[in-house]
Amino acid sequence: MSDVIKAETIYDAMGAVLTRWTMGSPAAPAASFWRAELGDDAVEAELRLLALSGQFLGTALTMEPSSSLRILPDIPALALPTVPETLRPLVRRILTTKKQGKVKTDLVHFLAARGWTMHPADWMPQADDDDVPDLYAGWRDWAAIAASDSATRRQTDDRLSAENWDDFWPAARKVALAELRRRDPSAARAVLEAKLAGETADTRWRLLSLLSERLSDEDLAFLEGVAANDRAPKVKALATSLLARLGRGPAAGEDTAELAGFFAVKTKGLLRRSRVVQAEPLKTAAQSLRRKALFDGADLTSFAGALGLAPQELIAAWDWNTDQTADAALVDLIVATGADAQVSQAADAVSEHDATGLIISLAARLAPAERARHAEAALNARGIRFELAQLIAGTAARLRDPLSAPAGKTLLAALQRDDARPSDDAEEFHALGLITSREGARGALNGLAGAGLLQGDPRLDMLRLNAALDDKGAKP
């Protein structure tokens, strides 16, 4: 090769050479500076050009990193261990075959409840994944760092305060504030008082919702200030809702009195006379819309007061299952503005009156043990499906013998049908795997195998993971 050929000349020609090869054309004419080295034989010239090009690209060029390339911090270790290596293929298969976001969220919550975490190579949360367990806050913040222009913020292990607020990345800050609220409610409120106004509306809403933990009259002044002065309607509405849970909702006015007019308080029973709150029949669609609008603007305490009752008396006297629209509106009112004890009372009431679907609305405010109790009772007494039970119980439940419930018997019967297909009831099997205990999962696998289901059936993946995973989590 002539030593007068510059590397830039060869580099500039490589684009044309590669393009010609891509199109199936001879490339030697595009490398005329190597004419002597390539020779006159056309086939031999292409082979020599391939060798020379490979040598040039492999030794004369050095890829320079992009100017935006930077070294990220290590992915932080989490407080719980990673799923055992032998079970990772099963976890990946569940993730791959179940595309819905809820399925992935349910899976990470299930693993966290059992005392395990995902492997970062199998799944990583996004920075804004608020519905994943707090356990993954470090990974969410790592994702935020990776997506940001800099990582100059100092991460601290100190207790959260107004002074070191900016040292925390958002997810870790929210977890630290929640922990502070559980341990020292006044200190957490003081931090919010100092820093809440400087956050975005969405962040203010998420942080303010943490006050529902250990909510007390000491929070009144702060909540009244937010309800009166915050610039975002949804933050004001949340503050108003929290005030209502403390029995400090708006004073009963004309709207509340009008809402009460849609109901009648009557007595029933000859010997043990008790009160019952019944919905008056609605005659027009306009009345239905008006009642709904009044419910949307009411709070539980004021509504009960307008009927001459205390909130707990209203829940006890409600005539459930007579007007299902009114039932749903009252449950929404209780969830938004009722105290924790009133939510529990309402869950017991709707369960007793076979209005199981309404428990789903109440479930988010129930303790895990209550959720599991209502789900198991509904499975056995009401014959609901496993999917509905999972919505009630969440993923922390550990039901012991779900196949003995009507839903289990229905599932076993479905497998015996002549027209049964391999894809039938896939979501029902998945929900079953989420809500049962490890021993229950092993029993269910045996029962389903006895009914003819193959052990390798992909519908059993969640049950297999459940049965194989040690349970190191807190029991509900």
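To keep things clear, this report deals only with the structure shown in the data block. (Residues numbered from 1 in each chain as written. Predicted model: local features only at pLDDT ≥ 70, side-chain atom pairs only at ≥ 80, totals over all residues. Heavy atoms only, no water.)

With respect to the packing of aromatic side chains
Line of reasoning, step 1. Taken as a whole and judged by the stated rule, the model has eight aromatic pairs.
Line of reasoning, step 2. Taking 5.1 Å as the distance between ring centres and 65° as the angle between the ring planes, the aromatic pair formed by Phe33 and Trp34 counts as edge-to-face.
Line of reasoning, step 3. Taking relative accessible area as the criterion, Trp34 reaches 1% and is therefore assigned buried.
Line of reasoning, step 4. Note on Phe295 and Phe303: the rings are 5.5 Å apart at their centroids and 70° apart in plane angle, and the pair reads as edge-to-face. A single burial state applies to Phe295 and to Phe303, both of which are buried.
Line of reasoning, step 5. What links up through ring pairs into an aromatic cluster is the set Phe263, Phe295, Phe303, Trp318 and Trp320. (Phe/Tyr/Trp six-rings, centres within 6.5 Å; stacked < 30°, edge-to-face > 60°. Buried < 20%, exposed > 50% of the residue type's maximum accessible area, 1.4 Å probe, protein only.)

Quick word on helix H13 (residues 285-296)
Line of reasoning, step 1. Between its terminal C-alpha atoms H13 stretches 17 Å, which fits the 16 Å expected from 12 residues at 1.5 Å a residue.
Line of reasoning, step 2. Those residues of H13 lying buried are Arg291, Leu294 and Phe295. Along the axis of H13, the buried positions cluster into a sector of 100°, meaning they face one direction only. Exposed residues lying more than 90 degrees from the buried face of H13 are Ala285, Ala286, Leu289, Lys292 and Asp296.
Line of reasoning, step 3. Turning to H13, the residues buried within the fold contact helix H12 (254-260), strand S1 (263-268), strand S2 (274-279), helix H14 (300-306) and helix H16 (324-337). (Helix = DSSP H or I, 4+ residues; strand = E, 2+ residues; numbered from the N terminus. Expected span 1.5 Å × (residues − 1). Arc of directions from axis to C-beta. Contact = heavy atoms within 4.5 Å.)

Topic: the side chain of Arg464
Line of reasoning, step 1. Locating Arg464 in the fold gives a position in helix H24 (residues 461-468).
Line of reasoning, step 2. Owing to a relative accessible area of 18%, Arg464 belongs among the buried residues under this scheme.
Line of reasoning, step 3. Polar side-chain contacts of Arg464 include one of 3.2 Å to the backbone oxygen of Asp457. (Polar contact = N/O pair within 3.5 Å; in protein donor to acceptor, adjacent residues only side chain to side chain.)

Some remarks on the environment of Thr59
Line of reasoning, step 1. Residue placement: Thr59 occurs in helix H3 (residues 42-59).
Line of reasoning, step 2. According to the relative accessible area criterion, Thr59 is exposed, its value standing at 62%.
Line of reasoning, step 3. Looking at Thr59, its side chain comes within polar contact range of the main-chain oxygen of Gln55, at 2.5 Å.

Observations regarding the nonpolar core
Line of reasoning, step 1. Formed by 82 residues in total, the largest nonpolar core has its most connected members in Phe263, Phe303, Leu314, Trp318 and Leu465.
Line of reasoning, step 2. Among the elements that take part in this core, H16 stands out by supplying six residues, more than any other.
Line of reasoning, step 3. Excluding anything up to four places from it in sequence, Trp318 contacts Phe263, Val277, Phe295, Phe303, Ala326, Asp327 and Leu330.
Line of reasoning, step 4. Ranked by size, the runner-up nonpolar core spans 29 residues in total, among them Leu160, Ala172, Ala188 and Val226. (Core = buried A, V, L, I, M, F, W, Y, C linked by side-chain atoms within 4.5 Å.)

Observations concerning the packing of helix H7 (residues 170-183) against helix H8 (residues 185-195)
Line of reasoning, step 1. Contact geometry of H7 with H8 gives a least axis separation of 5 Å together with a crossing angle of 140°. It follows from the interaxial angle that H7 and H8 lie oblique. Taken together, the residues of H8 that come into contact with H7 (itself represented by Leu177, Leu180, Arg181 and Arg183) are Pro185, Ala187, Ala188, Arg189, Val191 and Leu192.
Line of reasoning, step 2. A class-by-class count of the residues in the contact of H7 with H8 yields seven nonpolar, no polar and three charged. (Axes fitted to C-alpha atoms, helices over the stretch in contact; angles between N-to-C directions. Parallel < 35°, antiparallel > 145°, perpendicular 65-115°, else oblique. Nonpolar A, V, L, I, M, F, W, Y, C, P; charged D, E, K, R; others polar.)

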